Amino acid sequence: SSGINAEYGKQWYQRRVRAGGPIDPEKLLAASKRGQPIMVFFNLRPAYCPNEKKAAMVLRQLAAALLNGNIKVQSYPVGECRAIFHLQDGQNAWRAKDYLLTRKEVASVTIDQREWLNETEPEEERTEEEDLSIETNRSEL
């Protein structure tokens, strides 16, 4: 009996490899969420959310960047350095996660109780004077 199961497993694996390779669990999960609303939780690094105003600015920037990538999100701040992005199409959640994990402001992303940590190194902190000078230069443009 176990020989038959082993043979079936071997045949199944060979068919799967011919069909396009091994199954990627993240792609399978993303496909299963297609068309369903989903929430993506993420934490900001403390250096980028010293107050509500700066945290809100970072949230707007992240939401705008995702919108530029054709991922429409609604953002909701949850805590001091935590927020939720609500997506109407759950399939886009993994694209959003991949993008968020490339940003220095984001510490971690959680989807369906699975957490991914951001491995990129944060840049050195800027002082408030440097932030003001950058904002002033932007307004002059």
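Our structure's up above, just so we're on the same page.
Peer 1: How do you make sense of the overall build of the protein chain when you look at a structure like this?
Peer 2: For the protein chain, the helix and strand inventory stands at 5 helices and 5 strands. Helices (α) and strands (β) of the protein chain occur, in sequence order from the N terminus, as α-α-β-α-β-β-α-β-β-α. When the 141 residues of the protein chain are sorted by exposure, 28% land in the buried category. Within the protein chain, counting contacts between residues at least 6 apart in sequence, those at least 24 apart form 60% of the total.

Peer 1: Is there a simple way to think about the sheet that holds strand β3 (residues 82-87) in this case?
Peer 2: By definition, the strands of a sheet pair up through backbone hydrogen bonds, in either a parallel or an antiparallel sense. Spatially, the 5 strands line up as an open sheet ordered β2-β3-β1-β4-β5, and their pairing is antiparallel. Each edge of the open sheet carries a strand with a single partner, namely β2 (73-77) and β5 (114-117). In this sheet, neighbouring strand axes are inclined to one another by 25° on average, regardless of whether the strands run parallel or antiparallel. Together, β1 (38-44), β3, β4 (106-111) and β5 form the strand contacts of helix α4 (residues 93-100), whose direction differs from that of β4 by roughly 165°.

Peer 1: Got a minute to help me understand the pairing of β2 in this structure?
Peer 2: Two faces belong to every sheet, and in a regular strand the side chains alternate between them. Bridge count for β2 against β3 is 5 bridges, and the pairing is antiparallel. What sits directly across from Val73, in β3, is Leu87. The antiparallel pairing of β2 with β3 creates a hairpin that spans 4 residues between the two strands.

Peer 1: How do you make sense of unusual backbone geometry when you look at a structure like this?
Peer 2: Phi is mostly negative for residues that are not glycine, and the peptide bonds are mostly trans. One non-glycine residue, Asn70, lies in the positive phi region at around 65°. Note that Asn70 resides in the loop between α3 (52-68) and β2. Although it is not a glycine, Asp112 sits at a positive phi angle of roughly 50°. Along the polypeptide, Asp112 turns up in the loop between β4 and β5.

Peer 1: How should I be thinking about the side chain of Lys97 in this particular structure?
Peer 2: In this structure, Lys97 sits in helix α4. The class of Lys97 is buried, set by a relative accessible area of 4%. Sequence-distant contacts of Lys97, that is, excluding residues within four places in its chain, are made with Glu26, Val109, Ile111 and Trp116.

Peer 1: Please explain the pairing of β5 as it appears in this structure.
Peer 2: Note: β4 against β5, 4 bridges, orientation antiparallel. Counted as the bridge partner of Ile111 is Arg114 from β5. Connecting the antiparallel pair β4 and β5 is a turn made up of 2 residues, with Asp112 showing a positive phi of about 50°.

Peer 1: Explanation requested: the nonpolar core in the structure shown.
Peer 2: Soluble globular proteins tend to pack their nonpolar side chains together in the buried interior. Counting residues in each nonpolar core, the largest one holds 28 residues, and the members touching the most others are Phe42, Leu44 and Phe85. Per-element tally for this core: the top contributor is α3, with 6 residues. Once residues lying within four places of it in the same chain are set aside, the contact partners of Phe85 are Ile38, Met39, Val40, Phe42, Leu59, Leu62, Ala63, Leu66, Val73, Gln74, Ser75 and Leu100.

Thresholds, definitions, all that
Residues numbered from 1 in each chain as written. Predicted model: local features only at pLDDT ≥ 70, side-chain atom pairs only at ≥ 80, totals over all residues. Heavy atoms only, no water. Helix = DSSP H or I, 4+ residues; strand = E, 2+ residues; numbered from the N terminus. Buried < 20%, exposed > 50% of the residue type's maximum accessible area, 1.4 Å probe, protein only. Contact = heavy atoms within 4.5 Å. Pairing = 2+ DSSP bridges. Axes fitted to C-alpha atoms, helices over the stretch in contact; angles between N-to-C directions. Core = buried A, V, L, I, M, F, W, Y, C linked by side-chain atoms within 4.5 Å.

So, to be careful, I would describe these as geometric facts and stop short of saying anything about function.
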